[in-house]
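# Per-entry structural report
One letter stands for each residue in the lines below.
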Amino acid sequence: RIVCTTSGGGGGGGVKSVGRPAPMSPPSSEPATPERKDSTTPGGGGGGGGEPTLFETFEAEALRDELLDDLHELDGFLSQRAEAPSSEGLPPALQLDGAEIEARRDCVRRARAELEGEHTRHLLLLGEPKYLERQEASLRQQLDSARKMGALAGSLATRQAELRLELSEARPRYAAAVAKVKKLQAEFEATLSELHFGGKRVNLMGAINAL
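Residues numbered from 1 in each chain as written. Predicted model: local features only at pLDDT ≥ 70, side-chain atom pairs only at ≥ 80, totals over all residues. Heavy atoms only, no water.

## Quick look at the overall build of the protein
Where we set the bar: Numbering of helices and strands runs from the N terminus, with a helix taken as a DSSP run of H or I at least four residues long and a strand as a DSSP run of E at least two residues long. We call two residues in contact whenever any of their non-hydrogen atoms come within 4.5 Å of each other. All accessible-area figures derive from a Shrake-Rupley calculation using a 1.4 Å probe, and residue coverage is judged against the displayed protein chains alone.
A tally of regular secondary structure across the protein gives five helices and two strands. Mapped from its N terminus to its C terminus, the protein presents α and β elements in the order β-β-α-α-α-α-α. Counting only contacts in the protein whose residues sit at least 6 apart along the sequence, the fraction spanning at least 24 positions is 50%. Total accessible area on the protein is roughly 16300 Å²; 58% of this is exposed by carbon and sulfur atoms.

Now the structure itself:
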């Protein structure tokens, strides 16, 4: 995993890689001094005024903007290094090849995308009471609409069942009416044939034949 860091100033961006051994320093004759740890806790309120925690950086707009500025600056520095990859005069930690530069620049840009993304903006809004109230009202409205639609769907299903029943009851009556009309049609054609056409076959034309 590559971690990109910068200083908050205007000129020097620093880059380090976690998980990869750093260049070894020459052995020193002085005794090692224990590393001093920051006493800042995730809840804020650290005792020594050390570096802000990740939670504090995320919550505080000024710190978040400062971090974004640092990431923009570091992105520009890495872009210059990618265009002019010469490592002459740079400290050992910055003597990187093209692949390492691209990997770290990608790390910086992904961090910027996360901080500037829609998901982060939504998370920040969750801390605002008015936003939560609007979301609650919206969810309640959607729930009421869903209940009304469910009730309407139930009513339509009942009406559909009633219409199917009515159709099933009407089919026999319709069939009987069609049979009666066809019988009358045949009798009328026979009468016309006998009285007016000397027994020749007569066929009535029109919508009656569509029954």
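## What to know about the pattern of salt bridges
Once the charged atoms of two side chains with opposite charge are near each other, the side chains can pair. Rule in force here: Salt bridges are identified by distance alone: a Lys or Arg side-chain nitrogen within 4 Å of an Asp or Glu carboxyl oxygen. Relative accessibility thresholds used throughout: buried, under 20% of the residue-type maximum; exposed, over 50%; partly exposed, between the two (1.4 Å probe, protein chains only).
Using the criterion set out here, one finds seven salt bridges in the structure. Here Asp75 and Arg109 are joined by a salt bridge, their closest N and O atoms 3.1 Å apart. In this pair, Asp75 sits in helix α2 (residues 61-83) while Arg109 sits in helix α3 (residues 98-116), placing the two residues 34 residues apart along the sequence. The exposure class of Arg109 is partly exposed, given its relative accessible area of 40%. Where Arg110 meets Asp106, a salt bridge forms, and the shortest distance between an N and an O atom there is 2.9 Å.

## Here we look at the environment of Leu126
Within the secondary structure layout, Leu126 lies in the loop between α4 (118-125) and α5 (129-196). Apart from residues no more than four positions distant in its own chain, Leu126 is found in contact with Tyr131 and Leu132.

## Observations concerning a negative patch on the surface
We count it as follows: Residues forming no salt bridge and having over 30% relative accessible area are the ones grouped into patches, like charges within 9 Å of each other and nonpolar side chains (Val, Leu, Ile, Met, Phe, Trp, Tyr) within 5 Å. In this count, Lys and Arg are taken as positive residues and Asp and Glu as negative ones, while His and the chain termini are left out. One atom stands in for each charge, and that atom is NZ of Lys, CZ of Arg, CG of Asp or CD of Glu.
A surface patch of negative charge is lined by Glu61, Asp65, Glu66 and Asp69. With respect to the helices and strands, Asp69 occurs in helix α2.

## Some words on α2
Selection rule: Given a helix with a known number of residues, its expected span is that number minus one, times 1.5 Å.
Given a rise of 1.5 Å per residue, 23 residues ought to cover 33 Å, and the 33 Å separating the end C-alpha atoms of α2 matches this to within 8%. Here α2 has its buried residues at Arg64, Leu68, Asp70, Leu71, Leu74, Asp75, Leu78, Ser79 and Arg81.

## Topic: the side chain of Asp75
Note the cut-off: Under the rule applied, a polar contact is a pair of N or O atoms within 3.5 Å (in protein, one hydrogen donor and one hydrogen acceptor; residues adjacent in sequence only if both atoms are side-chain atoms).
Accessibility expressed as a relative area gives 6% for Asp75, which makes it buried. Looking at Asp75, its side chain comes within polar contact range of the side chain of Arg112, at 2.6 Å. Setting aside residues no more than four positions away along its own chain, Asp75 makes contact with Arg105, Val108, Arg109 and Arg112.

## Quick look at the packing of α2 against α3
Applicable threshold: Comment: axis = line fitted to C-alpha atoms, over the contacting stretch for helices; angle = value between 0 and 180 degrees taken between N-to-C directions. Roughly parallel covers angles under 35 degrees, roughly antiparallel covers those over 145, roughly perpendicular covers 65 to 115, and oblique covers all other angles. By convention the crossing between two helices is left-handed if the near helix lies anticlockwise of the far one by an angle smaller than a right angle, and right-handed if it lies clockwise. Classification convention: Asp, Glu, Lys, Arg as charged; Ala, Val, Leu, Ile, Met, Phe, Trp, Tyr, Cys, Pro as nonpolar; all other residues, Gly among them, as polar.
Orientation of α2 relative to α3, taken along the N-to-C sense of each, is 155 degrees, at an axis distance of 9 Å. One way to sum up the angle between α2 and α3 is to call them roughly antiparallel. Between α2 and α3 lies a crossing of left-handed hand. For the pair α2 and α3, contact is made by Arg64, Leu67, Leu68, Leu71, His72, Leu74, Asp75, Leu78, Ser79, Arg81 and Ala82 and by Ile101, Glu102, Arg104, Arg105, Val108, Arg109, Ala111, Arg112, Leu115 and Glu116, respectively. Tallied by class, the residues present in the contact of α2 with α3 amount to 10 nonpolar, two polar and nine charged.

## Brief notes about the environment of Ala60
Relative to the helices and strands, Ala60 is located in the loop between α1 (54-59) and α2. With relative accessibility at 26%, the residue Ala60 sits in the partly exposed group. C-alpha of Ala60 to C-alpha of Leu124: the two residues are 64 residues apart in sequence and 9.8 Å apart in space.

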